[in-house]
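Residues per chain are reported as follows:
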Amino acid sequence: MRIRGIPPDPGYVEETPDLDGIIEIEILLHEAKPDLHAPDEFLPEHNIVKDDYHERELDDRELERQRKEYSDSINSPVLPIYKPKRGRRDSKLMWKPKEIIIHEAVKSDPITKYFLGECPQVPVKNAGIGKAKNIVAVSDTLKNSSLSMLDKILAGKQVVYISIAGNAVDVFTMPDDRMVCPHFNRIKMASNGCFYQCDWCYLKLTYRAAFPFITIRVQYEKIKQQLEKRLVTAKTSIMFNSGELADSLAMEHLTRAGREFIPWFGNTDNGYLFMLTKSDSVDDILDLHHNKHTVVTWSINNEEVSQKFEIGAPSLERRLEACRKVQEAGYPVRMRLDPIVPFDGWQPAYFDTIRRIFEKVSPDPVSYTHLTLPTMSTTCSCGGGGGG
């Protein structure tokens, strides 16, 4: 698939970007096509989950049971309609972890205190220093999970580790020719920072062994100092991608990162924030002074594809409604069809998805990712991965 005339999402901000380029799409299909309506069939070579410890295999029915159990545990994909509370959603109805672990150095951090205040019934542990083995050792949730890879992944999605800022700002690059997309600047507010369970997300497998938990970074003032250092030395505008290792908005109700950093970027001359998300948790950012220095991008898919493979994520309609509200608040918004899955009838299905997008919002560039079957390799046009 190819899109022409559109600058990459998170890599950089051009002085005069061409946002009106003609979109040309070419889709390469493989003979194998998943049946979205078959309850016990998944993408080719994706219906087997290897157990890292016993090398056993989970059959499809067991995998489906565990997925449903996980989906039910976070009240999704069908969540109740939230009633606004002081201009925001009722936090009692929103996702919370089952366990919180804190680095010794951030116990008194204001964001740590806010996070704990929003989770009054959640057990809290102290990990001392931030080594992964220490965190796993104090976590009852992780210790009590079974040895299967899938169980450890699902358990890790329920544990949040509150970390020091560390090296939160850097440039993503690779030393060899594996890097196809542009190098891009990152702001790492979280790692493995998403509680959704999308089948194609690399985060859940990347962190399954060494860091099988959600990490959020606090000490926001230190992160701002790192951003300032990068911006002062830059000769051009820089866009920082917050969605490469996390969903940028899924935990906003607990971290307040958007409320802290969107106005901060809005007050800079050459700093831009790129947020990538599947979340519809946007109420807390609608009233912020963003100065169009924050671009909010939704990762979306055909509705049937999303229901089957994006476990726990908000529905297409909820994402589009969130995008509409953010666009009405003046933010630049973008869309990523990510990935395009070539199932039987995919063409009219995705045309309908695109129609629904433009009936609801008027996004800037529409990026894409195409899925090549049966190897599950994914090619991205946008210059950054994403928890979103």
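Shown above is the structure to which this text applies.
This structure is a prediction, so every number in the text was calculated from the model and none was measured.

Definitions and limits used
Residues numbered from 1 in each chain as written. Predicted model: local features only at pLDDT ≥ 70, side-chain atom pairs only at ≥ 80, totals over all residues. Heavy atoms only, no water. Helix = DSSP H or I, 4+ residues; strand = E, 2+ residues; numbered from the N terminus. Polar contact = N/O pair within 3.5 Å; in protein donor to acceptor, adjacent residues only side chain to side chain. Buried < 20%, exposed > 50% of the residue type's maximum accessible area, 1.4 Å probe, protein only. Salt bridge = Lys/Arg side-chain N within 4 Å of Asp/Glu carboxyl O. Axes fitted to C-alpha atoms, helices over the stretch in contact; angles between N-to-C directions. Parallel < 35°, antiparallel > 145°, perpendicular 65-115°, else oblique. Left-handed = near helix turned anticlockwise from the far one by under 90°. Contact = heavy atoms within 4.5 Å. Expected span 1.5 Å × (residues − 1). Arc of directions from axis to C-beta.

A. Here's a closer look at the side chain of Thr268. Tracing the chain through its elements places Thr268 in the loop between α9 (257–266) and β14 (271–277). A polar contact is formed between the side chain of Thr268 and the backbone oxygen of Phe265, at a distance of 2.7 Å. Side-chain polar atoms of Thr268 contact the backbone nitrogen of Gly271, separated by 3.1 Å.

B. Fine view of the environment of Leu276. With respect to the helices and strands, Leu276 occurs in strand β14. The buried category is assigned to Leu276, whose relative accessible area is 0%. Remark: the alpha-carbon pair of Leu276 and Arg336, spanning 60 residues in sequence, is separated by 9.1 Å.

C. Layout of the pattern of salt bridges. On inspection of all chains with the given rule, the structure shows 23 salt bridges. Between Lys125 and Asp140 there is a salt bridge, and its shortest N-O distance comes to 3.0 Å. Taken together, the positions of Lys125 in strand β6 (residues 124–128) and Asp140 in helix α4 (residues 140–143) put the pair 15 residues apart, joining distant regions of the chain. For Lys125, a relative accessible area of 22% puts it in the partly exposed group. One salt bridge connects Arg318 with Asp280, and the closest N-O pair in it is separated by 2.9 Å. Highlighted residues: Arg318 in helix α11 (residues 316–328) and Asp280 in the loop between β14 and β15 (294–300), separated in sequence by 38 residues.

D. Looking closely at the packing of helix α7 (residues 220–232) against α9. Following both chains from N to C, one finds α7 and α9 inclined at 30°, their axes separated by 12 Å at the closest point. Classified by the angle between their axes, α7 and α9 sit roughly parallel to one another. Read as a crossing pair, α7 and α9 show a hand that is right-handed. When α7 is examined against α9, the residues Tyr220, Glu221, Ile223, Lys224, Leu227, Glu228 and Leu231 are found in contact with a partner set consisting of Ala257, Glu260, Phe261, Trp264 and Phe265.

E. Quick peek at helix α12 (residues 346–360). Counted at 1.5 Å a residue, the expected span for α12 with its 15 residues is 21 Å, and the 21 Å between its end C-alpha atoms agrees. Of all the residues in α12, the buried ones are Trp346, Ala349, Tyr350, Thr353, Arg356 and Ile357. Relative to the axis of α12, the buried residues are bounded by an arc of 115° and lie together on one face. Of the exposed residues in α12, the ones pointing more than 90 degrees away from its buried face are Pro348, Phe351 and Glu359.

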